[in-house]
Amino acid sequence: ALNPEQSLVPYLDGAEDSAMENIVTEKKAEESHRQDSADLLIFIMLLTLTILTIWLFKHRRFRFLHETGLAMIYGLLVGVVLRYGIHVPRDINNVTLSCHVNASPATLLVNVSGKFYEYTLKGEISAKEVDDVQDNEMLRKVTFDPEVFFNILLPPIIFHAGYSLKRRHFFRNMGSILAYAFLGTVISCFIIGLLMYGCVMLMKQIGQLAGDFFFTDCLFFGAIVSATDPVTVLAIFNELQVDADLYALLFGESVLNDAVAVVLSSSIVAYQPTGDNSHTFEAMAMLKSFGVFLGVFSGSFALGVATGIMTALISITLFFTKLRDFQLLETALFFLMSWSTFLLAEACGFTGVVAVLFCGITQAHYTYNNLSPESQDRTKQLFELLNFLAENFIFSYMGLTLFTFQNHVFNPTFIIGAFLAIFLGRAANIYPLSFLLNLGRRHKINSNFQHMMMFAGLRGAMTFALSIRDTATYARQMMFSTTLLVVFFTVWICGGGTTQMLSWQRIRVGVDSDQDNCGPIVPDGMDRRNTKQESAWLFRIWYNFDHNYLKPILTHSGPPLTATLPTCCAPIARCLTSPQAYENEGQLKDDDSDLILNDCDISLTYGDITVSTDASGARMGSQPAANTATSSDELDRELTVGDHELVIRGTRLVLPTRDSELPLALNRSKVTS
């Protein structure tokens, strides 16, 4: 028999071992916390250096390198230091190399002396890197989950693109933008996919292919690299005030083709023919993928517009609850509802990029008008800041990933073939479509515009995010490595050469976007129906319906419904029109003026604001109140003598017939409708 002291020895030993394990676990957790803080500090320092260098470049007026290119350079430098300059001493005693499992489960439960420990899958390590597992652990610390890019970094970038869209010039060129974004992206995808498949066949013949690489992989590569992101070029365009139509074509194409590329890549992944071989051609499977493309895009579009309209209705409801008196709460609610659109679309099986893009466009048109002036400024500045930080973070991470990613596959043949295929795919997108579009456009897309659009087809954040989302196979790893080089080249070379390209193509700079495309005043007797020729007929119908019915219902701006609905609907109109709408009856919002079909040959007059343009596009009106004290009676006489008035359901359209008036943007004298 054992005495009591001897029977307590195993218990005490077990308690001591458990206490020691707890201490070791706490120390490891503390070390991991410090390491994570240091990793985040690296990215904060990268962004700080980028901002300081941007200030220096703007102060010195350097345009040969954009901030995104700077962020990539700093990321490269830090990546080199982390990969080759810092080595963590290896403790091979803490690494078990003899545990063999037939599968790679996401979660693994290990029984160690009766205690169960949970381990999660971090990724594959090649056999030659097993000895450097501790160094790999350090590099993986600065490698983010790809879902971070899609759920956190991409939404503010895409939303800002829609929220800050210059809708007037966008809708003037809507047909061309849709052609480039939809047809052009599909053409580019298949051209690149076919050429890359030929390149892959060549690599197989010469023995440079070390794994499977199917035609669907080539099409997927074509889809992700067809997403253009000319942020560098557009920033220079905005600074130099380049021709507004060229800016609208490039910006509109880049915004929409990102959405198209995301849906197109997901539909290619959804291609599943029947049978054992999932990479053979089958007509029904292709039609199914095409149906997936249409269904996902239309569903995402509808969801984005619906959530945008819902936020407008909620903002009208909250107007009567005096939430506008608390601008911080109002801005926070707007921000959360905007971000939730992306997550809702992803949770429903749609594409969050498409949904949040059209949500931003819808909210800029409706919800923005219901916000208080302070919240309007706050939301614009908030999303502009988030867009700036997210973009520069992604580009910094690109540079870092070139050296920290563990499974790069660089193949010279594939890289050269990719650059050639991307060039030809972009050319097949721009030049044939421009030729066809010019057949129906009154303002032609000139050859210098086409060359500039060809040159400005940069790849950026969307291409990177799509390529890094899945790097499990040999083909996806090669695509990711090649995509990094493509982004580096286009941002540094094409982005840096934008100013020189503008000079070579003799494209106008220093153009006021409000007066762009406005020619001289035409004499009397000339045809003044240019608006119908220059604006899309579908958009003219939509604009009239939106301005007279949707805007008054969803916002407090525009003419009241009592002035636009028929007399028989007067009770319904009075019920749906808020008192604020009557107070704002005489106000023409800046947002509303951005959506005028074509600020040529048209003048909107109601309340105390008159916006008037002649047939050629030059702004018409009288001198502003600051220069001349024009009375109400004088202005009425000026509007009635020599002008033709047309009253359309409460909104007076003034079509000028005199060519002696001075150009003017806005006239804020009191006018009675």
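Residues numbered from 1 in each chain as written. Predicted model: local features only at pLDDT ≥ 70, side-chain atom pairs only at ≥ 80, totals over all residues. Heavy atoms only, no water.

**Comments concerning the overall build of the protein chain**
For the record, the criterion: A run of H or I in DSSP becomes a helix once it reaches four residues, and a run of E becomes a strand once it reaches two; helices and strands are each numbered from the N terminus. Classification of residues uses two cut-offs on accessible area relative to the type maximum, computed with a 1.4 Å probe and protein chains only: under 20% is buried, over 50% is exposed, and between them is partly exposed. Computed with the Shrake-Rupley method and a 1.4 Å probe, the accessible areas treat only the protein chains shown as cover for residues.
Of the regular secondary structure elements, the protein chain holds 26 helices and seven strands. A burial count over the protein chain gives 49% of its 673 residues as buried. A total of about 33,000 Å² of accessible surface is found on the protein chain, and carbon and sulfur atoms cover 63% of it.

**Let's talk about the packing of helix 6 (residues 174–205) against helix 15 (residues 412–438)**
Packed helix pairs are characterised by how far apart their axes lie and by the angle those axes make with each other. Keep this limit in mind: Comment: axis = line fitted to C-alpha atoms, over the contacting stretch for helices; angle = value between 0 and 180 degrees taken between N-to-C directions. To sort the angles, those under 35 degrees are grouped as roughly parallel, those over 145 as roughly antiparallel, those from 65 to 115 as roughly perpendicular, and the leftovers as oblique. Crossings are sorted by hand: turned counterclockwise from the far helix by less than a right angle, the near helix makes the crossing left-handed, and turned clockwise it makes it right-handed. The nonpolar class holds Ala, Val, Leu, Ile, Met, Phe, Trp, Tyr, Cys and Pro. Asp, Glu, Lys and Arg form the charged class, and all remaining residues, Gly among them, are polar.
For the pair helix 6 and helix 15, the least separation of the axes is 8 Å and the interaxial angle reads 150 degrees. The angle between helix 6 and helix 15 falls in the class roughly antiparallel. In this structure, helix 6 meets helix 15 at a crossing whose hand is right-handed. Of the residues contributing to the contact of helix 6 with helix 15, the split by class is 21 nonpolar, ten polar and one charged.

**As for the confidence of the model for the protein chain**
This is how it is decided: pLDDT runs from 0 to 100 and stands for how confident the predictor is about each residue. In this description, contact between two residues means that some pair of their heavy atoms is separated by no more than 4.5 Å.
Here the protein chain shows a mean pLDDT of 76. Residues at 70 or above account for 71%. Contacts from residues 517–535, a stretch scored under 50 in pLDDT, to residues over four places away or in other chains number 51 contacts. Low confidence marks residues 588–673, where pLDDT is under 50. Its contacts with residues over four positions away, or in another chain, come to 223 contacts.

**A look at unusual backbone geometry**
Residue Arg506 is not a glycine yet carries a positive backbone phi of 55 degrees. Here Arg506 lies in the loop between helix 19 (498–504) and helix 20 (530–534). The exposure class of Arg506 is exposed, given its relative accessible area of 76%.

**Things to note about the nonpolar core**
For the record, the criterion: Nonpolar core, defined: a set of buried Ala, Val, Leu, Ile, Met, Phe, Trp, Tyr and Cys residues in which side-chain atoms within 4.5 Å join the residues together.
Residues Met196, Phe213, Phe221, Phe237 and Phe464 are the most contacted members of the largest nonpolar core, which totals 123 residues. In terms of residue count, the dominant contributor to this core is helix 9 (residues 244–269) (14 residues). What Phe213 contacts, discounting residues up to four positions off in sequence, is Val200, Cys218, Phe414, Ala475, Met478 and Met479.

**Some details on the side chain of Thr379**
Note the threshold: Pairs of N or O atoms are called polar contacts if they sit within 3.5 Å, as long as, within protein, a hydrogen donor faces a hydrogen acceptor (for residues adjacent in sequence, only side-chain-to-side-chain pairs).
Tracing the chain through its elements places Thr379 in helix 14 (residues 373–404). Among the polar contacts listed, one links the side chain of Thr379 to the backbone oxygen of Gln376, at a separation of 3.0 Å. Apart from the residues within four sequence positions on either side, Thr379 is in contact with Tyr163, Thr331, Phe334 and Leu371.

**As for helix 8 (residues 231–240)**
Counting buried positions over the ten residues of helix 8 gives seven, a clear majority of the element. Those residues of helix 8 lying buried are Val231, Thr232, Val233, Leu234, Ile236, Phe237 and Leu240. Looking at the packing, one finds that the buried side of helix 8 touches helix 2 (67–85), helix 9, helix 14, helix 16 (447–455), helix 18 (474–496) and helix 19. Downstream of helix 8 by a residue or two, Gln241 has a phi angle that is positive, lying close to 55 degrees.

**Quick notes on the environment of Leu165**
Tracing the backbone shows Leu165 in the loop between helix 4 (146–163) and helix 5 (167–172). Relative accessible area serves as the criterion here: at 6%, Leu165 is assigned to the buried category. Taking the C-alpha atoms as reference points, Leu165 and Ala364, separated by 199 residues in sequence, lie 8.4 Å from one another. For Leu165, the contacting residues outside a window of four places in its chain are Phe170, Phe251 and Ile361.

**Some details on helix 15**
Just so we agree on the cut-off: Helix span is expected to be 1.5 Å times the residue number reduced by one.
An ideal rise of 1.5 Å per residue puts 39 Å on 27 residues; helix 15 measures up with 39 Å between its terminal C-alpha atoms. Its side-chain oxygen 3.0 Å from the backbone nitrogen of Thr413, Asn411 forms the N-cap of helix 15.

**Side note on the packing of aromatic side chains**
Selection criterion: Centre distance within 6.5 Å is the pairing criterion for rings of Phe, Tyr and Trp, where only the six-membered ring of Trp is used; planes under 30 degrees apart are then read as stacked, over 60 as edge-to-face, and the remainder as tilted.
For the coordinates displayed, the defined rule picks out 28 aromatic pairs. When the ring of Tyr163 is compared with that of Phe383, the centres are 6.1 Å apart and the planes differ by 55 degrees; the resulting orientation is tilted. Taken together, the residues Tyr163 in helix 4 and Phe383 in helix 14 connect sequence positions 220 residues apart. For Phe383, a relative accessible area of 3% gives the class buried. When the ring of Tyr247 is compared with that of Phe251, the centres are 6.0 Å apart and the planes differ by 15 degrees; the resulting orientation is stacked. Of this pair, Tyr247 and Phe251 both sit in helix 9, four residues apart, roughly one helical turn.

**Concerning the pattern of salt bridges**
Filter applied, for reference: Here, a salt bridge means any Lys or Arg side-chain nitrogen found within 4 Å of an Asp or Glu carboxyl oxygen.
According to the stated counting rule, one finds five salt bridges in the structure shown. The salt bridge partner of Glu30 is Arg34, with a shortest N-O separation of 3.0 Å. Here Glu30 pairs with Arg34, and both are found in helix 1 (residues 4–60), just four residues apart, close to one helical turn. For Asp243, the salt bridge goes to Arg508, with nearest N and O atoms at 2.6 Å. Taken together, the residues Asp243 in the loop between helix 8 and helix 9 and Arg508 in the loop between helix 19 and helix 20 connect sequence positions 265 residues apart.

**A few points about the pairing of strand 2 (residues 115–120)**
Our working definition: When DSSP finds two or more bridges between two strands, those strands count as paired.
A small share of strand 2 lies buried, amounting to zero of its six residues. Both strand 1 (residues 107–112) and strand 2 contribute to a ladder of six bridges, which runs antiparallel. From the neighbouring strand, Leu108 faces strand 2, where its bridge partner is Tyr119.

**Focus: a nonpolar patch on the surface**
Our working rule: Patches here: salt-bridge-free residues with over 30% relative accessible area, like charges joined within 9 Å, nonpolar side chains (Val, Leu, Ile, Met, Phe, Trp, Tyr) joined within 5 Å.
The grouping of Leu108, Val112, Tyr117 and Tyr119 at the surface amounts to a nonpolar patch, some 330 Å² of accessible area in total. For the nonpolar patch, the secondary-structure elements that each account for two or more residues are strand 1 and strand 2. Residue Tyr119 is classed as partly exposed on the basis of its relative accessible area, which comes to 46%.

**Quick word on the environment of Thr577**
Within the element layout of this structure, Thr577 appears in the loop between helix 23 (570–576) and helix 24 (579–583). Between the C-alpha atoms of Thr577 and His556, which are 21 residues apart in sequence, the distance is 8.2 Å.

**A few points about the side chain of Ser267**
Structurally, Ser267 is set in helix 9. Here the side chain of Ser267 touches Leu264 through a polar contact of 2.7 Å, landing on its backbone oxygen. Residue contacts for Ser267: discarding those within four places in its chain leaves Ser289, Val292 and Phe293.

**Points about the packing of helix 8 against helix 9**
With their axes 11 Å apart at the nearest point, helix 8 and helix 9 run at an angle of 150 degrees to one another. By the angle between their directions, the pair helix 8 and helix 9 is classed as roughly antiparallel. Seen from above, helix 8 lies across helix 9 with left-handed handedness. From helix 8, Val233, Leu234, Phe237 and Asn238 reach across to helix 9, where they touch Leu246, Tyr247, Leu250, Phe251 and Ser254. Partitioning the contact of helix 8 with helix 9 into residue classes produces seven nonpolar, two polar and no charged.

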